[in-house]
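The lines below spell out each chain.
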Amino acid sequence: MSYMDKGIKELHEALINKKVTSRELIEESIRKSHEVQEKCNAFVTILDDAKEQEVTDNLLSGIPFGMKDNYSTKGILTTGSSNTLKDYVPFFDATAVEKLKEAHAVMVNKTVMDEFGMGGSGITGHTGIVRNPWDVTRMSAGSSAGSAVAVASGVYPYATGSDTGDSIRKPAAYCGIVGYKPTYGMISRYGLFPFASSLDHCGCLTRSVEDAAIVVDQMKGIDKNDMTTWDSKDIHLYENLTKEVKGKKLCYIKEICDIKNYPNPKEELVLHLENFMKTIELCKNLGMDVEEVSVDQTLLDAEPSVYVVISCAEATSNMSNLTGFIFGPRGEGNTWMEMMKDYRTKGFCSLIKRRFIIGSYVLQKENKDRYFHNAQRVRRLLVDTWKDLFKTYDAVILPVGSGPAKKLEGEEKSSDRESEILEEHLQIGNFGGFPSITIPNGFVHGLPVGVNITGNCYDDQNVLNIAYALESEMGYKGQTVKEVK
Amino acid sequence: MAKYKACIGLEMHCEISETNTKVFSSAANTYSDVPNSNIRPVDMAFPGTLPVVNKEAVRKSIMASLILGCKQPEYMYFERKNYYYPDLPKGYQITQETKPIPVGIYGKLTFDCNGEQKTVRINNLHLEEDAASADHTGSYSTIDYNRAGVPLLELVTEPDLRSAEEAVNFLETMRAIYQYAGISEADSKKGQIRCDVNVSIMDEDKDDTNLENYGTKIEIKNVNSFGGVRDAINYEIERQIELKEDGKYDEMEQQTRRWDEESGTTIYMRSKVDAIDYKYFVEPNIPKFRIDPAWVEKIKSEIPELPMERLEKYQEQFGLSAYDANILVKEKEVSDYFEECIKLGIDAKSASNWITTRILGHINKENLQMREIYITPAMLKDLIEMVSSNQISSKQAKDLFYKVLEDKKEPKVLAKELGMEQIASDEELRSIIVKILDANEENIKKYKEGRTNVLDYFVGQVMKETRGKANPALTSSILIEEIGKR
């Protein structure tokens, strides 16, 4: 009998009714962690000595979970999957970590990510490539790679994630699970290693919308240490979940979803978009109005660059504290400048260095207006466009990515440029700080694909309810990995 | 110099010392000799830490902005100034730039410079965080993060100052304002005040309202005392005049120099071409917040009495000279002492005399702070009253004053202990005087012949006899009376 593939509510009942103990759950979770580590390389640290916790009224009490390795955990190695912090042990907990501790939740491992959350592949972490459990020759996507892999593999019902572009919602889709990033500022970022502060969100990866609601209910809350948080004490996501979505209005964007926009589509893109349209039909069957809307193609085309400019600029500044003087391995050299250069040259992967250069370039006096300020302007235009949609519609529904998980090697890149907007549009959710959830909506070539629902700021409940209703019609709720090969 | 005039602008950094905590951190904002004792994770930029704005620091900076007649922003923003330096743990300083506007722009301040009223325009005032302090010792350096995150007000003036004297007087006025407003102790000994100085020169007859007439601006960094500001400006003016006379002034490039206290010279650091690009952008972790005009009004109503106001009061209400009034208001502690004296009912002129001569003289000689001096306004009152009630002479009062400071005992107690009581009894003095006169027939004769200065001799004799305790006025009048009888 295994438990770790069950949902939170079921586990809680089993604990309350003493069918199983917290100790037994932890042991199962740690055993599975080692199996998944062997197969997919999903963890930086497995906490073999994790202690059982008292089972209380709190739904999360006594239940194991995974923590992305960019959440500061007091006394436990926290690396951000970077060589620059490969031995860093924080002496304080991130606020979200504290809140999970208060619930008596049991952290059993720290999950691998793309270095400092940069990159969407799951291959740039300092401990090596994270593999997709459905097909280990494929990417898990990232940056919350290990979290997605572990939840999909039934290591535990949930893991924390962070999302700057799509770092929760993309790997969730590739691994066939749920990924939810609530409204910006709902969960404190204090103690989360920053990537791009104006885009960074905390969130979670689960196997059901219900579990996502339970976990975020626990993680959220105003925090005196994070000025961007807001008071959400009157929001009870789990309590208010309902499948009553009749009359809700959804829209999808023609320029993103219409196969005619992609002149040379790969078969999986065709299948993915066909599958998406089936999901749209399901929405209609649930009594929701779904309309196709049109958004300026030029604006959409600019989106990926806007993300690169803003995220790289903020990242290069945010990571200037990594000098190897106060924490991290001290570099070699005769002057502080040499020591710092040595540390940073050796510590960061090439992708990050490339992004730092872009970030510095776009902030330089002579480039700032052309790149950085223009990117801010286009960000505003995109957010305004989406906010206009939210005046009419409860949420925007769109396919995640251009198909299922990509091959780690040997993927032809011919249509990449063409389908770029499909790969990148989730970033608009970060531009606006919108609540956004990805749920699995089927399979392409036996590999899971996902659909995303994004709503207006502070409207998390609506977004979750739509996802909750839709999930119940599709039969992928609670799914764990069935290996394809 | 007569052929040229100097155009001097200042960037004055002053730590806000009077908040409980730092500007973006909950660590205590206290000066401490123990390194790294006032720090929180954010002060050392541990990953994931975030800045939280200290409302009191914002309140104080708005107050400074109001005092300087600046315009306050509708919304408050902070920006990141990005550069790498070991004393800057985050790799950027949270500060304010001119766009979006900082806590104050376009104000002005009128100040006194040796009796002349001067006005300097304020370009802007902004709130930022201080860096850590680094000490370089041979092959290694030590960093003290106590100072990292201490709130700092940077005030930038237009180049309206014309001499080192004006610059220093301006800085002294600003220091007094910060002290009076309860913003800062403004103590340069604690490193709370630091200045950058801009200097250029132009021909005396050129119009200084026309920007085209301005010479190349030289910036002198890190001048940490007012004396240093004076010396650096004077040195730099001389240096630039020399270049001008040699015809080399116009080829001089815009540059940053450093004041070297030891050699008393400015030393080339970098040219404008090598100026650091700080890659400013709005700090995303601090959401812009609205400055409620009602809050600004409230802050305005809470501005304490400022030195300019006291200066006027001292002259018009108390009839003090401009010179004395200026001395009294220069340091808030001194002025507060004076105010306390007035409250206790001491005559203003008398209090002013005691403070400006004896007390400040002592403080300067012993290198003390006003708060360290033992004698309180109440004690000073006792001392002054002993004189006015003829209990002791003013000569005795002076001696007693120093004795009080030395022994740290109250004047009344000490006077008794030392037997310092004036002989003001007619009877007692008269018997002493009669005795002296009896023994000086010759001198009485001389006096009567018109040599009136002999009277001083008799007074001296009486003083000698009474060991200075005789009341001088009474002594003279009895002497004249008794001599008249003979």
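Residues numbered from 1 in each chain as written. Chains lettered and ligands numbered in written order. Predicted model: local features only at pLDDT ≥ 70, side-chain atom pairs only at ≥ 80, totals over all residues.

**Quick word on the domain arrangement of chain A**
Residue and element names in this part refer to chain A.
Line of reasoning, step 1. Domain annotation for chain A reports domain 1 (8-247 + 395-474) and domain 2 (299-382).
Line of reasoning, step 2. Computed over C-alpha atoms, the centres of domain 1 and domain 2 are 25 Å apart.
Line of reasoning, step 3. Between domain 1 and domain 2, the residue contacts involve 26 residues of the former and 24 residues of the latter.
Line of reasoning, step 4. Elements with a contribution of two residues or more to the side of domain 1 that touches domain 2: α13 (420-424) and α14 (427-432).
Line of reasoning, step 5. Of the residues that constitute the side of domain 1 that touches domain 2, the class distribution is 11 nonpolar, 11 polar and 4 charged. (Domains from an automatic or database assignment. Contact = placed C-beta atoms within 7 Å. Helix = DSSP H or I, 4+ residues; strand = E, 2+ residues; numbered from the N terminus. Nonpolar A, V, L, I, M, F, W, Y, C, P; charged D, E, K, R; others polar.)

**With respect to the packing of helix α1 (residues 55-67) of chain B against helix α4 (residues 293-301) of chain B**
Residues and elements named next belong to chain B.
Line of reasoning, step 1. At a minimum axis separation of 9 Å, α1 and α4 run at an interaxial angle of 75°. Looking at the two axes, α1 sits roughly perpendicular to α4. Facing Arg59, Ile62, Met63 and Leu66 of α1, the residues of α4 in contact are Val296, Ile299 and Lys300.
Line of reasoning, step 2. Of the residues that constitute the contact of α1 with α4, the class distribution is 5 nonpolar, no polar and 2 charged. (Axes fitted to C-alpha atoms, helices over the stretch in contact; angles between N-to-C directions. Parallel < 35°, antiparallel > 145°, perpendicular 65-115°, else oblique.)

**Here we look at the nonpolar core**
Line of reasoning, step 1. The biggest cluster of nonpolar side chains holds 225 residues, and the ones touching the most others in it are Ala148, Val149, Val151, Leu205 and Ala467 of chain A together with Val197 of chain B.
Line of reasoning, step 2. With 9 residues, the single largest contributor to this core is helix α2 (residues 164-180) of chain B.
Line of reasoning, step 3. What Ala148 of chain A contacts, discounting residues up to four positions off in sequence, is Ser140, Pro171, Ala172, Tyr174, Cys175, Ile177 and Leu205 of chain A. (Core = buried A, V, L, I, M, F, W, Y, C linked by C-beta atoms within 7 Å. Buried ≥ 20, exposed ≤ 12 C-beta atoms within 10 Å, placed from the backbone.)

**Section: the sheet that holds strand β14 (residues 281-282) of chain B**
Residues and elements named next belong to chain B.
Line of reasoning, step 1. Spatially, the 3 strands line up as an open sheet ordered β4-β3-β14, and their pairing is antiparallel. Each edge of the sheet is formed by a strand with only one pairing partner; in this case those strands are β4 (92-95) and β14.
Line of reasoning, step 2. In terms of strand pairing, strand β3 (residues 79-82) meets β4 through 4 bridges, oriented antiparallel. Among the inter-strand pairings, Glu79 is bridged to a residue of β4, identified as Thr95. (Pairing = 2+ DSSP bridges.)

**Regarding the environment of Pro304 of chain A**
Residues and elements named next belong to chain A.
Line of reasoning, step 1. Within the element layout of this structure, Pro304 appears in helix α9 (residues 297-318).
Line of reasoning, step 2. Judged by the 17 C-beta atoms lying within 10 Å of it, Pro304 falls in the partly exposed class.
Line of reasoning, step 3. Remark: the alpha-carbon pair of Pro304 and Cys251, spanning 53 residues in sequence, is separated by 21 Å.
Line of reasoning, step 4. Other than its neighbours up to four places away in sequence, Pro304 contacts Glu420 and Glu424.

**Comments concerning the confidence of the model for chain B**
Line of reasoning, step 1. Here chain B averages 92 in pLDDT, while 100% of its residues score no lower than 70.
Line of reasoning, step 2. Model confidence for the complex: the whole-complex pTM is 0.90, and ipTM, which rates the interface, is 0.96. (pLDDT = per-residue confidence, 0-100.)

**Details of the environment of Arg467 of chain B**
Line of reasoning, step 1. Here Arg467 of chain B lies in the loop between α14 (454-466) and α15 (472-485).
Line of reasoning, step 2. Remark: the alpha-carbon pair of Arg467 of chain B and Glu385 of chain B, spanning 82 residues in sequence, is separated by 21 Å.

**Focus: unusual backbone geometry**
Line of reasoning, step 1. In this model, Gly142 of chain A is joined to Ser143 of chain A through a cis peptide bond whose omega is 10°.
Line of reasoning, step 2. Along the polypeptide, Ser143 of chain A turns up in the loop between β5 (135-139) and α4 (145-152).
Line of reasoning, step 3. At the junction of Lys99 of chain B and Pro100 of chain B, the peptide bond is cis and its omega measures out at -5° in the coordinates.
Line of reasoning, step 4. Its location among the elements puts Pro100 of chain B in the loop between β4 and β5 (104-113).
Line of reasoning, step 5. Positive phi is not limited to glycine here, since His104 of chain A has a value of about 65°.
Line of reasoning, step 6. Note on placement: His104 of chain A falls in the loop between α3 (95-102) and β3 (106-111).
Line of reasoning, step 7. Phi at Lys279 of chain B takes a positive value of approximately 50°, unusual for a residue other than glycine.
Line of reasoning, step 8. Here Lys279 of chain B falls in the buried class, since 23 other C-beta atoms lie within 10 Å of it.

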